[in-house]
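Topology and contacts: notes
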Amino acid sequence: MNDQAQFDRPLTPLSAYEPDMREGQPKTPMINEIKWFDDLSPVLTSLFLIKEMLDRGTMSVVYGPSNSGKTFFSLDIAYHVAARSTWRGRRISGGTVLYLAAEGGRGINNRISALRLAHSDTRVPLAIRSAGLDLLHPEADVQRVIDLANEIGPVAMIVIDTLSRVLAGGDENGPVDMTAFVGNVDRIRQATGAHIMIVHHTGKDAARGARGHSSLRAATDTEIEISADAGTGMRTATVQKQRDYSGGQEFHFQLESVELGHDQDGDPVRSCIVVDVEQPDASTGRKKISPADQEALRSLDDALQAHGLKRQGPDWPSCQVVSTENWRTHFYKHFDDDEPETKKKAFQRARKRLRDGGHIQFFDDHYWMCFG
């Protein structure tokens, strides 16, 4: 029989093999590990932590050069997960977060204090452990982290900041030590069911990504690179790898100074928080609109449709305007979180971003859309 004749033969139906493959063979415990092609159905329930970004039970790496803002970015995500607040317009299925600040020091205390002042939250389940850790040797602190997570948990997310400080003198570039570290992270992940986020550094050549042996990247589900523009202060988080979602997203932010108090000499003590920034659209010069702000614009349009009115005078536009209160009422209808203070702050931030981006205008406590 020639090769073409083999391809032209009619296919034997699967049912012809079923007596041998499914019913004719003795059952063994291993057969329970098998799922047949024609028996599978799609999994439609998403186990997301941040929808279309991070999943529960997976691992991510946030990396960048020194002073790029990677710890501030990671803390911002950790806060939103713990507060169960939308992040960049994405839904969050949040819960308790354990932040392992292995570098210690007072810096992490000040950064958390800045978050608390900026968001006026007092009951957010974000737990900080500020001390050294050894996650290289399984007999050292791996079980300690699992026990701590179970004691405060269940936890939705664990942040390890930074990899170099928990590798306990190990070789980041060596396959043995990096594979051992990844194995210990897997042990923590499987025991807790939490998403594990690792804060890491770039190497000498930033273009090559996170430093260290390739076994880390191979085990990573989501990889986020943080870069900073020294001239403008603009920072960008770029999703360089996604195992189950489309990558390539960019999230722009700046670090905003927050005054915490004064030291013993009367000088101000400050830290920073992450402030979302949208890049200008090259065609219009306006900043691009995030999904969350698009929702805010839709709520303004709803308010204009329901309560819009025209005002006469040189400072008023020819189009309809609506009061802040009416816009706020419609914004709350679009907002998922029922916590009054959360809704209030979300409205204030969206309103400011839309004004700063040139998408809306206002006068005398009234707002309207901008066109052209």
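Treat the numbers as computed from the prediction; the structure is a model and nothing was measured.

1. Quick notes on the overall build of the chain
The number of helices and strands found in the chain is 11 helices and 14 strands. Residues counted as buried form 42% of the 372 residues belonging to the chain. Sequence separation of 24 or more characterises 62% of the internal contacts of the chain that already satisfy a separation of 6 or more. Of the accessible surface of the chain, which amounts to about 20600 Å², a share of 48% is contributed by carbon and sulfur atoms.

2. Quick notes on the sheet that holds strand 3 (residues 59–64)
The nine strands are arranged 5-4-6-7-3-8-9-10-11 in an open sheet whose pairing can be described as mixed. A strand with exactly one partner marks an edge of an open sheet, and here the two such strands are strand 5 (126–130) and strand 11 (268–276). Sheet twist, expressed as the mean angle between neighbouring strand axes with direction ignored, is 20°. One ladder, built from four bridges, connects strand 3 with strand 8 (residues 222–228); its direction is parallel. Looking across to strand 8, one finds that Tyr63 is bridged to Glu225.

3. Topic: unusual backbone geometry
Each neighbour pair has its own omega, and for Gly153 with Pro154 the value is 10°, a cis peptide bond. For Pro154, the position within the fold is in the loop between helix 5 (142–152) and strand 6 (155–161). The backbone of Asn67 shows a phi angle near 65°, a positive value even though the residue is not glycine. Assignment of secondary structure puts Asn67 in the loop between strand 3 and helix 3 (70–83). The backbone phi angle of Ala168 is positive, close to 50°, even though this residue is not glycine. Here Ala168 shows up in the loop between helix 6 (163–166) and helix 7 (175–192).

4. A word on the environment of Gln305
Looking at the element boundaries, Gln305 is found in helix 9 (residues 291–307). Judged by its relative accessible area of 64%, Gln305 is exposed. Separated by 17 residues in the primary sequence, Gln305 and Val322 place their C-alpha atoms 9.2 Å from one another.

5. What about the sheet that holds strand 13 (residues 360–363)?
Pairing in this open sheet of three strands is antiparallel, and the strands run 12-14-13 from one edge to the other. With partners counted over all chains shown, the strands left at the sheet margins are strand 12 (322–323) and strand 13, one partner each. In this structure, strand 13 lies alongside strand 14 (residues 366–369), joined through four bridges in antiparallel fashion. Opposite Phe362, over in strand 14, you have Tyr367 as the bridge partner. Along the sheet, helix 11 (residues 340–356) contacts strand 13 and strand 14; its crossing angle with strand 13, the most-contacted strand, is approximately 105°.

6. Some details on empty space enclosed by the protein
All chains considered together, the criterion is met by two cavities of 30 Å³ or more. The volume enclosed by the largest cavity comes to roughly 60 Å³. Lining the largest cavity we find Met53, Leu54, Asp55, Thr58, Asp221, Thr222, Gln242, Arg243, Asp244 and Tyr245. Residues belonging to the lining of the largest cavity are distributed by class as follows: three nonpolar, three polar and four charged.

7. Remarks on the pairing of strand 8
With five of its seven residues buried, strand 8 lies for the most part within the structure. Pairing analysis gives seven bridges linking strand 8 to strand 9 (residues 235–242), with the strands arranged antiparallel. Each residue of the ladder has a partner; that of Ala228, found in strand 9, is Arg235. Remark: six residues form the turn of the hairpin made by strand 8 and strand 9, two consecutive strands paired antiparallel; Gly233 in that turn has positive phi of roughly 80°.

8. A short note on helix 9
Its 17 residues place the ends of helix 9 24 Å apart at the C-alpha level, agreeing with the 24 Å of an ideal helix rising 1.5 Å per residue. In this structure, the buried side of helix 9 is in contact with strand 12, helix 10 (324–334), helix 11, strand 13 and strand 14.

9. With respect to the pattern of salt bridges
Scanning all chains against the criterion turns up nine salt bridges. In this structure, Arg243 and Asp221 form a salt bridge, with 2.7 Å as the shortest nitrogen-oxygen distance. Taken as a pair, Arg243 in the loop between strand 9 and strand 10 (250–262) and Asp221 in the loop between helix 8 (214–219) and strand 8 lie far apart in primary sequence, 22 residues in all.

10. Quick look at the packing of helix 5 against helix 7
Packing of helix 5 against helix 7 brings their axes to within 10 Å, and their N-to-C directions diverge by 25°. For the element pair helix 5 / helix 7, the angle class is roughly parallel. Where helix 5 crosses over helix 7, the handedness of that crossing is right-handed. Of helix 7, the residues touching helix 5 (which contributes Val142, Gln143, Val145, Ile146, Ala149 and Asn150) are Asn184, Arg187, Ile188, Ala191 and Thr192. Classifying every residue of the contact of helix 5 with helix 7 gives six nonpolar, four polar and one charged.

11. Brief notes about the confidence of the model for the chain
Confidence in the prediction for the chain averages 84 pLDDT; 85% of positions are at 70 or higher. Low confidence marks residues 14–19, where pLDDT is under 50. Its contacts with residues over four positions away, or in another chain, come to nine contacts.

What counts, and where the lines are drawn
Once a new chain begins, its residue numbering starts again from 1 and follows that chain's sequence as written. With the structure being a predicted model, the display of local features is reserved for residues of pLDDT at least 70 and the display and counting of side-chain atom pairs for 80 or more, all residues being used for whole-chain, interface and lining totals. Values shown for side chains rest on all heavy atoms present in the structure; no hydrogens or waters enter the calculation. Runs of E in the DSSP output that reach at least two residues are strands. Runs of H or I that reach at least four are helices, and both are numbered from the N terminus. Here the term buried applies to any residue with accessible area under 20% of the maximum for its type, exposed to any over 50%, and partly exposed to those in between, with areas from a 1.4 Å probe on protein chains only. Contacts between residues were defined by any pair of non-hydrogen atoms, one from each residue, lying within 4.5 Å. The protein chains shown are the only cover counted for residues, whose accessible areas, like all others here, come from Shrake-Rupley with a 1.4 Å probe. Should DSSP find at least two bridges between two strands, the strands are taken to pair. An axis is simply a line fitted to the C-alpha atoms; with a helix, the fit covers only the stretch in contact. Between two such axes, the angle follows the N-to-C directions and lies from 0 to 180 degrees. The distinction between a cavity and a pocket rests on a 1 Å grid over the protein atoms alone: a 1.4 Å probe fits inside a cavity but cannot get out, while a pocket stays open yet meets protein on both sides within 12 Å along at least five of seven lines, and a residue with an atom within 4 Å of a point counts as lining. Grid points are joined across faces, edges and corners, and a volume is the space filled by probe spheres set on the points. We call Asp, Glu, Lys and Arg charged. Ala, Val, Leu, Ile, Met, Phe, Trp, Tyr, Cys and Pro are nonpolar, and the rest, Gly among them, are polar. Here, expected helix span is obtained from the residue count minus one, scaled by 1.5 Å. We define a salt bridge as a contact between a side-chain nitrogen of Lys or Arg and a carboxyl oxygen of Asp or Glu at a distance within 4 Å. In what follows, roughly perpendicular refers to angles from 65 to 115 degrees, roughly parallel to angles under 35, roughly antiparallel to angles over 145, and oblique to any angle outside these ranges. Two helices cross in a left-handed way if the nearer one is turned anticlockwise from the farther one by less than a right angle. They cross in a right-handed way if the turn is clockwise. Here pLDDT means the predictor's own confidence in every residue, given as a number from 0 to 100.

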